[in-house]
Amino acid sequence: MNNPQTSEHSTFASYPIFGGTTMSRAAPTSGSGTLWTDGGLRPTSIARVRRLGSGRAAQAYLVEIQTADGRRARCVEKVFRPNWLTRFVYRVCFQAPFAYQENVDAILACFYRRRVAWAICRAFLSQVQVAYPLYVRWDSETQAMVLASELAEGRGIIPAAVKTQTIRQWLGQRSRTGHPTVEDQTDDMPQLLSTMNRFEELLIDCGLVGSGWQVCTRSLVSTANLLRTERGYAAVDLESGIPAMLVPKYLVAGLRLGRLPMFDDLDAHRLKQWFIQNYKQLDQRLETDQLDQLANDIDQLVQCSANWKASEPTVAHKPWRLLTRRFRDAYSHRVIESWSRQHIIDSTTRAGLIQSSQALFQSPVYWLGCIPGHLGRFLQRCVAHRAYCRQVRRFFSDVSYRTCVLGRYAEHKAQGWQESGRLSAGQPPISTTTRFAAHWVLSRTTPTMLHRWLTDSRFRRDRWTRAILLLCNRRFQAGFGRLIIGRRIQTWREAQRISEPEASRLVHQLHHPAVEEYVRGFGLHVGLKLLIPLVLPLKAAGAAASVASGNPIYFLVMLMLLPILRTALTLWRVAASGRPVSDFRDALLVGLLPTVGSLAFPVQMHASCFELSTFLLRDFAAKVGRALPIYGGKDSRTEIACIQSINLLAELMDIWLSITRSPRQTLSTCENAEERVPPPFEPTIRLSRWDRPALEQLALMNSEFVETHRAAERYALTSDRVWNALLEDAGCLTISPKPKQAVAA
């Protein structure tokens, strides 16, 4: 955690009047924020390496820690900062803030629950290894609790291979398309679901009833909570994001326990009875210190869970208990401790509130907290934090101090805008109040790309350059399409969703002459997204015009603007290529569709490059599955089902091709063609007027992708390597410093 602030400037910066988060963006450097746990680590320094992913309730980061004895290790920190929907659902169900974000007893229950599950799986389910918890802490930078666990080396689900014979086998027919079948893979899903069923039964039997929801096969997103490892599966997430309301079994269990809806609830009596009944087996399968730790962890888990649940109103759980003294004391303790960690109250106010549970409800700071957002917290601090009040008064009376605080606040916001992509990393600092106000308004009213477009001249110049190059430069059209597709192939290969041989075949097909025109067309269609910052305001204007006039035609025209542009580009490629219209028929039909129209050329290339076409369709389906709210996400059953749905689409396209293609027609396919042989080059190759900016933009796009999506120490490429790789793809091997020529190696 950050070292305690001592100076008046830094103290006021920790609780700015414009927000409730800290100004400092530095990585935690001391263990002062680590909460006490029995047997947990207390790291002296924590350095964040990179972000691993995010969910509805938390973000996962790879961090490197150092202990007091100098040992270093890498682990995963789960920072509980839920999105607004998760917070809203939890508030409605339990009438309290999201527990894992600020409730000490709740985060300690997570810690001991994982240790209990780890020991139980070690003894009774060797196929599953729970990611062992290491420590918990309060992060003042994000104003959230953090749970750290060991790093599990594993992968997600590999989608099953493409099958395009289902309908025809059902009809008793054979395929006549001649397309090869993608090599068979082991389907992960049946084995994963079987393991999840056994894991869920074990958790329910031992009393961890609420945790069974995290591995319930009827929950579409639960498959993402386990990773496949060399020794079986690793459970990396046992903390819920939403209550267990979507499966009837857990509704019944909640009624039985008197806790509806359930949220990681514990059947304490069943857990203790299970431990007694299975003590002999546990003694045989666990070491002595592990068995002693399990017994202690069960006691700690029961106590922390009871304290956590007792501190939340939860009207649906025995509402008469809200009148008891036990609830008032537990609720007051939780609220006061939360305010102390967030620096809403000072030590004097805290001591006064602790004297009596009634003092909390009689204090104005409690009722000011009913005002949502930063305004409520600001008013609370003005009432309950004397040092903060002095700093507020100084803010309005001392010009130099006010300038310092506003500068820090602007720096903090600018850093957040850079992290979200609203500002470029190399953009000069915001130096004037007017510029900052403009950025602040845009951050509240516009999407990320539109904000960047309006405020970043280099960003606009690059986008306009790319748009012009897409219209006038053949090399950029093909390079842009290959770069987009190559990124997706690399992403799937790194996630181990496709094997190295499959990735090599896809790259080979990507560079095959049979798909050259289709790759260019795909690049043109995807390049239309460069116009989204302009199209979104037009759609909003069309919607406003339709509402004002009562005529929906204005909105429909703006809605179909991109499909119309896609069709125009496809017709242009038909005329420019000199190829028959039949070679673009499918692209013309699909390009007219909103949203999915960018798949026009992947569908069109299905006849000549079946595997590459199917890969692009599956990749698009995966994006849809991850983007769906509540039920979607990476490695969820929703995403896998979307990917598998492409089997039906691919088979229908095969049937369509067998009907529309003449039996005598022969196509040069990627699978049947010989290996691509690069054409000979002259010692000196002249570049056209547009080739150098095209190559520069391709190199810039590749470097942006590397810096944004990959760890620098593993994937960063030097500018020379990027430059030469792109030139090699464009037909050159190296480039000389001269602006107009390239020299072959």
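Residues numbered from 1 in each chain as written. Predicted model: local features only at pLDDT ≥ 70, side-chain atom pairs only at ≥ 80, totals over all residues. Heavy atoms only, no water.

Engineer: How do you make sense of the overall build of the protein chain when you look at a structure like this?
Structural biologist: Regarding its fold elements, the protein chain presents 34 helices and 10 strands. With the model as given, the accessible surface of the protein chain reaches about 36,100 Å², and the carbon-plus-sulfur share is 57%. (Helix = DSSP H or I, 4+ residues; strand = E, 2+ residues; numbered from the N terminus. Areas by Shrake-Rupley, 256 points an atom, 1.4 Å probe, with all protein chains shown as cover.)

Engineer: What's the story with the confidence of the model for the protein chain in this structure? I'm lost.
Structural biologist: One rule of thumb: low pLDDT means the predicted coordinates there are not for detailed reading. Summing up the model confidence of the protein chain, the mean pLDDT is 80 and the portion of residues at 70 or higher is 83%. Counting interchain partners and residues more than four positions distant, the pLDDT-below-50 stretch residues 1-32 has 99 contacts. Low pLDDT (under 50) marks residues 180-184, which in the prediction has 13 contacts with non-local residues, meaning those over four places away or in another chain. (pLDDT = per-residue confidence, 0-100. Contact = heavy atoms within 4.5 Å.)

Engineer: Is there a simple way to think about the sheet that holds strand β1 (residues 45-54) in this case?
Structural biologist: Within a beta sheet, neighbouring strands are joined by backbone hydrogen bonds and run either parallel or antiparallel to one another. The five strands lie next to each other as β1-β2-β3-β6-β5, forming an open sheet whose pairing is antiparallel. Unpaired on one side and paired on the other, β1 and β5 (133-139) mark the two borders of the sheet. Looking at each pair of strands side by side, their axes are set apart by 30° on average, direction ignored. Two elements, β5 and strand β6 (residues 144-150), share six bridges in a ladder whose sense is antiparallel. Counted as the bridge partner of Tyr135 is Ala148 from β6. (Pairing = 2+ DSSP bridges. Axes fitted to C-alpha atoms, helices over the stretch in contact; angles between N-to-C directions.)

Engineer: Help me out: how do you make sense of the packing of helix α4 (residues 104-124) against helix α6 (residues 188-205) in this one?
Structural biologist: Geometrically, a packed helix pair is captured by the angle between its two axes and the distance between the axes. Two elements in contact, α4 and α6, have axes whose closest approach is 11 Å; the angle formed by their N-to-C orientations is 120°. Comparing their axes, α6 and α4 come out oblique. Both α4 and α6 take part in a crossing whose hand is right-handed. Between α4 and α6, the contacting residues are Ala117, Ile120, Cys121 and Phe124 on the first element and Phe199, Leu202 and Leu203 on the second. (Parallel < 35°, antiparallel > 145°, perpendicular 65-115°, else oblique. Left-handed = near helix turned anticlockwise from the far one by under 90°.)

Engineer: Just to check I follow, could you spell out the sheet that holds strand β4 (residues 128-130) for this structure?
Structural biologist: Here we have three strands laid out as an open sheet, ordered β4-β8-β7, and mixed in their pairing. Every interior strand has two partners, whereas the edge strands, β4 and β7 (226-229), have only one. Neighbour-to-neighbour, the strand axes of the sheet open up by a mean angle of 30°, direction not taken into account. Its contacts with the sheet put α6 on β4, β7 and β8 (232-235), and the angle it makes with β8 is roughly 60°.

Engineer: Is there a simple way to explain a nonpolar patch on the surface in this structure?
Structural biologist: On the surface, Trp84, Leu85, Phe88, Val92, Leu220, Met245, Leu246, Leu251, Ile630 and Tyr631 cluster together into a nonpolar patch covering about 920 Å² of accessible area. Summarising the element assignment, Leu85 is placed in helix α2 (residues 84-94). Assessed through its relative accessible area of 31%, Leu85 is described here as partly exposed. (Patch = residues over 30% accessible without salt bridge, like charges linked within 9 Å, V, L, I, M, F, W, Y side chains within 5 Å. Salt bridge = Lys/Arg side-chain N within 4 Å of Asp/Glu carboxyl O. Buried < 20%, exposed > 50% of the residue type's maximum accessible area, 1.4 Å probe, protein only.)

Engineer: I tried to follow the packing of aromatic side chains on my own but got confused; where do I start?
Structural biologist: Where two aromatic rings form a pair, the distance of their centres and the angle of their planes describe that pair. Scanning all chains against the criterion turns up 30 aromatic pairs. With 5.3 Å between their ring centres and 55° between their planes, Phe80 and Tyr100 make a pair best called tilted. Taken together, the residues span a long stretch of sequence, with Phe80 in the loop between β3 (72-79) and α2 and Tyr100 in helix α3 (residues 99-102) at a distance of 20 residues. Taking the centre distance of 5.3 Å and the plane angle of 75° together, the rings of Trp492 and Phe615 count as edge-to-face. Of the two residues, Trp492 is situated in helix α21 (residues 474-494) and Phe615 in helix α29 (residues 610-627); the sequence distance between them amounts to 123 residues. Using a relative accessible area of 4% as the deciding quantity, one classes Trp492 as buried. Residue class for Phe615 comes out buried when judged on its relative accessible area of 5%. Put simply, the rings of Phe80, Tyr90, Phe94, Phe98, Tyr100, Phe263 and Trp308 pair up and form one aromatic cluster. Between the NZ or CZ atom of Arg48 and the centre of the ring of Tyr61, over which it lies, the distance is 3.9 Å. A cation sits over an aromatic face here: Arg573 above Trp572, 5.1 Å from the ring centre. (Phe/Tyr/Trp six-rings, centres within 6.5 Å; stacked < 30°, edge-to-face > 60°. Lys NZ or Arg CZ within 6 Å of the ring centre and 35° of its normal.)

Engineer: Could you clarify how one ought to interpret the packing of α4 against helix α10 (residues 288-310) in this entry?
Structural biologist: Where α4 meets α10, the closest approach of the two axes is 8 Å, and the angle between their N-to-C directions is 145°. Between α4 and α10 lies a crossing whose hand is left-handed. Two secondary-structure elements touch here, α4 through Asp105, Ala106, Leu108, Ala109, Tyr112, Arg113, Arg115, Val116, Trp118, Ala119 and Arg122 and α10 through Gln290, Gln293, Leu294, Asp297, Ile298, Gln300, Leu301, Cys304, Ser305, Asn307 and Trp308. Residue composition of the contact of α4 with α10, grouped by class: 12 nonpolar, five polar and five charged. (Nonpolar A, V, L, I, M, F, W, Y, C, P; charged D, E, K, R; others polar.)

Engineer: Where do I start with the side chain of Ser219 in this structure?
Structural biologist: Mapped onto the secondary structure, Ser219 falls in the loop between α6 and β7. Filtering out sequence-adjacent residues up to four positions away, Ser219 remains in contact with Trp213 and Arg637.

Engineer: Help me understand unusual backbone geometry, please; the structure alone is not making it clear to me.
Structural biologist: The general pattern is negative phi for most residues beyond glycine and trans for most peptide bonds. Of note, the amide linkage connecting Leu260 to Pro261 takes the cis form, showing an omega dihedral of 0°. Looking at the element boundaries, Pro261 is found in the loop between α7 (248-257) and α8 (268-277). Located in the positive-phi region is His343, a residue other than glycine, with phi close to 60°. With respect to the helices, strands and loops of the structure, His343 is situated in the loop between α11 (325-341) and α12 (347-354).

Engineer: Whenever I open this one, the pairing of β5 confuses me. Can you help?
Structural biologist: Two faces, one strand: in a regular strand the side chains alternate between the faces of the sheet. Within β5, seven of the seven residues are buried, which leaves the element mostly enclosed by the surrounding structure. Once β5 ends, the chain turns through four residues before running back antiparallel as β6, passing Gln143 with a positive phi of about 55°.

Engineer: Explain the environment of Tyr135 here, please?
Structural biologist: Here Tyr135 is to be found in strand β5. Judged by its relative accessible area of 0%, Tyr135 falls in the buried class. The spacing of Tyr135 and Leu147 is 12 residues in sequence and 6.3 Å in space, taken between C-alpha atoms. Those residues in contact with Tyr135 that sit more than four places away from it in its chain are Thr34, Leu41, Pro43, Ile46, Val63, Ile65, Cys75, Glu77, Phe111, Val146, Leu147 and Ala148. Here Glu77 takes part through its side chain, which lies 2.6 Å from a polar atom of the side chain of Tyr135. (Polar contact = N/O pair within 3.5 Å; in protein donor to acceptor, adjacent residues only side chain to side chain.)

Engineer: Help me out: how do you make sense of the side chain of Arg466 in this one?
Structural biologist: Here Arg466 shows up in helix α20 (residues 457-472). The buried category is assigned to Arg466, whose relative accessible area is 3%. Looking at Arg466, its side chain comes within polar contact range of the side chain of Gln697, at 2.7 Å.

Engineer: Please explain the pattern of salt bridges as it appears in this structure.
Structural biologist: Think of it this way: side chains of opposite charge can pair up when their charged atoms draw near. In this structure the tally under the stated criterion is 34 salt bridges. Residue Arg259 pairs with Asp265 through a salt bridge whose shortest N-O separation is 3.9 Å. One salt bridge connects Asp619 with Arg488, and the closest N-O pair in it is separated by 3.0 Å. Of this pair, Asp619 sits in helix α29 while Arg488 is found in helix α21, placing the two residues 131 residues apart along the sequence. By relative accessible area, Asp619 is classed as buried at 4%. Of the residues examined, Arg488 reaches a relative accessible area of 17% and is grouped as buried.

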